[in-house]
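# Architecture and fold: a report
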Amino acid sequence: MSNQEQLLRELLPFLRDRNPQVRQVALSNLLGHTPKDSPHRNVFLAGLRGGGLQGVQDNEVIRDLKILCRDQLATAHDAFRALVNLSDNSLVSSSLSEKSFLNFLVSYILHPQATLADLASMILSNITSTPSTAATLLSMKVSILPDPNSSTSYYPVNSRSGTCSAPVPYPSGDAQEVLALPLLLEAFVQGAAVDGQGDPSKRPRKASLHFLSSVFANISIAPPGRIFFLTPRLSDPFESKGVLEYPLVKLLVFTEHKDTIRRGGIASVMKNCAFRKEAHKAMLSPDTEQVAVPPSDVKAPGINLLPYLLLPLAGPEEFDLDAQELLPDALQFLPATKKREPDTVIRLTHIETLLLFCTTFWGREYLRAHGVYEVIRALHENEREDEVIEHVERLVNYLKRDETEHTRKDGEEHHVEDGAKIEAVNDDEDDMIVEV
């Protein structure tokens with residue numbers, strides 16, 4: 001054991017010191033050794049055990065860091081950052097997925113005054129890349145109290161910590177157990193407004209929560225997650241009656257958001273949902289039509305996904321009048337300043353989503369009738385990345401080919417093409433573990 005590692009081990013007991021300043025100083029000296037490439041990172045991992053009927057057993061360091069996430073601001077900030085960095089380790093990730101800590105993480109993110117909710121969202125993004133954790137979050141319930149003084153109208157009980165104090169006066173009434181995922185969707189929508197508001201007092205939340213888009217992408221990899229986004233629910237999670245909508249609708253507006261993480265996560269959710277062929281009609285139909293996703297017969301307004309899928313791929317090109325009339329309204333007469341999605345991975349993800357819609361005859365016909373070829377042709381003329389170009393050409397082949405009696409049968413399997421396998425994605429699979 002090196003002298004440096006010995007010194008770090010001697011700091012570990014101070015994470016439990018009664019003096020908050022001692023805890024903060026100890027943790028600030030340990031934090032720099034948590035990233036993946038740190039030579040002394042094993043200090044935090046020694047003693048972690050997993051497998052068997054007992055599941056993962058924490059070591060003292062991970063247990064202390066989980067507790068310190070509830071400490072005062074400086075200490076909690078470093079504890080969250082340390083766990084973001086360490087959560088690429090499978091045993092640490094499993095430990096952070098333990099039910100009580102996962103419930104705290106989600107409750108903390110839901111609280112609009114949670115100062116460190118962006119770091120908590122990064123941890124949630126990292127650990128939901130594990131299918132079992134994503135499945136747990138899908139069915140998780142959190143305890144809330146009605147709070148008319150809150151911007152969210154509720155107080156998540158398990159969010160209480162040094163950086164997220166309980167409201168005064170404390171809400172009265174009995175706590176309710178409600179599904180967490182619809183509340184996370186609402187929080188994500190509210191978080192989009194944070195970056196654009198300079199006055200902190202006018203912000204609906206203290207955190208932008210962009211990394212929740214990666215959480216939603218992770219959840220939508222598996223069929224149960226796709227079912228959540230493609231099952232009509234009440235638009236207000238606290239109402240017992242009202243307008244039904246598909247949860248996916250809440251996410252579409254962010255395909256052109258200025259934050260790359262948010263855009264990329266939403267692109268992945270859209271692509272993952274497109275693997276469910278039965279949902280193609282609901283996903284593409286306009287919101288003026290009531291559509292169900294078989295085998296369910298519950299109808300809701302169409303998701304109207306196509307404009308949000310094409311806008312990032314569209315540039316400032318002008319089309320002739322016949323082509324203009326085919327395009328969705330949002331794509332007609334775009335300004336000369338219109339720019340395409342700058343991120344190659346996101347552009348590719350959108351093209352792959354269009355390819356997935358081409359696996360049904362109804363989907364191909366809808367794309368043809370709504371000007372997709374015109375937008376894709378202009379993209380092809382300006383694209384510089386070989387992989388995107390290759391996928392665009394496959395898409396063009398689908399849109400321009402003649403249909404036969406066989407290809408018109410949606411009950412048949414229609415593959416994209418040999419060598420064009422499309423896989424469900426987390427967000428960016430090469431970069432799904434976040435370090436800070």
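If you're wondering where the values come from, they're calculated on a predicted model, not measured in any experiment. (Residues numbered from 1 in each chain as written. Predicted model: local features only at pLDDT ≥ 70, side-chain atom pairs only at ≥ 80, totals over all residues. Heavy atoms only, no water.)

### What about the pattern of salt bridges?
Counted under the stated rule, the structure contains 18 salt bridges. Here Lys338 makes a salt bridge to Glu256, at a shortest N to O gap of 3.4 Å. Placement of the pair is Lys338 in the loop between helix H17 (321-326) and helix H18 (344-357) and Glu256 in the loop between helix H13 (249-252) and helix H14 (260-273), with a sequence separation of 82 residues. Of the residues examined, Glu256 reaches a relative accessible area of 42% and is grouped as partly exposed. Of the charged contacts, one joins Glu278 and Arg276 as a salt bridge, the two residues approaching to 4.0 Å between their closest N and O atoms. Since its relative accessible area comes to 45%, Glu278 is described here as partly exposed. (Salt bridge = Lys/Arg side-chain N within 4 Å of Asp/Glu carboxyl O. Helix = DSSP H or I, 4+ residues; strand = E, 2+ residues; numbered from the N terminus. Buried < 20%, exposed > 50% of the residue type's maximum accessible area, 1.4 Å probe, protein only.)

### Here's the deal with the nonpolar core
Residues Leu248 and Leu354 are the most contacted members of the largest nonpolar core, which totals 118 residues. No other element matches helix H7 (residues 99-110), which puts eight residues into this core. Ignoring any residue separated from it by four or fewer positions in sequence, one finds Leu248 in contact with Phe229, Leu230, Val269, Cys273, Met283, Ile303 and Leu305. (Core = buried A, V, L, I, M, F, W, Y, C linked by side-chain atoms within 4.5 Å. Contact = heavy atoms within 4.5 Å.)

### A few points about the sheet that holds strand S1 (residues 141-146)
One open sheet accounts for three strands, arranged S2-S1-S3; its pairing is antiparallel. Of all the strands in the sheet, just strand S2 (154-156) and strand S3 (176-179) have a single pairing partner and so form its edges. Here the strands of the sheet are splayed against their neighbours by 50° on average, with no regard to which way each runs. Examined bridge by bridge, S1 and S2 share three bridges and lie antiparallel to one another. Pairing of Leu145 across the sheet is with Tyr155, part of S2. Together, S1 and S2 form the strand contacts of H7, whose direction differs from that of S1 by roughly 40°. (Pairing = 2+ DSSP bridges. Axes fitted to C-alpha atoms, helices over the stretch in contact; angles between N-to-C directions.)

### Thoughts on the packing of aromatic side chains
Scanning the model with the defined rule gives nine aromatic pairs in all. Their ring planes at 80° and their centres at 5.7 Å tell us that Tyr155 and Tyr170 sit as a pair that is edge-to-face. Placement of Tyr155 in strand S2 and of Tyr170 in the loop between S2 and S3 is noted, with a sequence separation of 15 residues between them. The buried category is assigned to Tyr155, whose relative accessible area is 1%. Summarising the aromatic geometry, the rings of Phe188 and Phe254 are spaced 5.3 Å apart at their centres and angled 80° between planes, so their arrangement reads as edge-to-face. Of this pair, Phe188 sits in helix H10 (residues 180-191) while Phe254 sits in the loop between H13 and H14, placing them 66 residues apart in sequence. (Phe/Tyr/Trp six-rings, centres within 6.5 Å; stacked < 30°, edge-to-face > 60°.)

No statement about biological role is implied by the geometric values presented.
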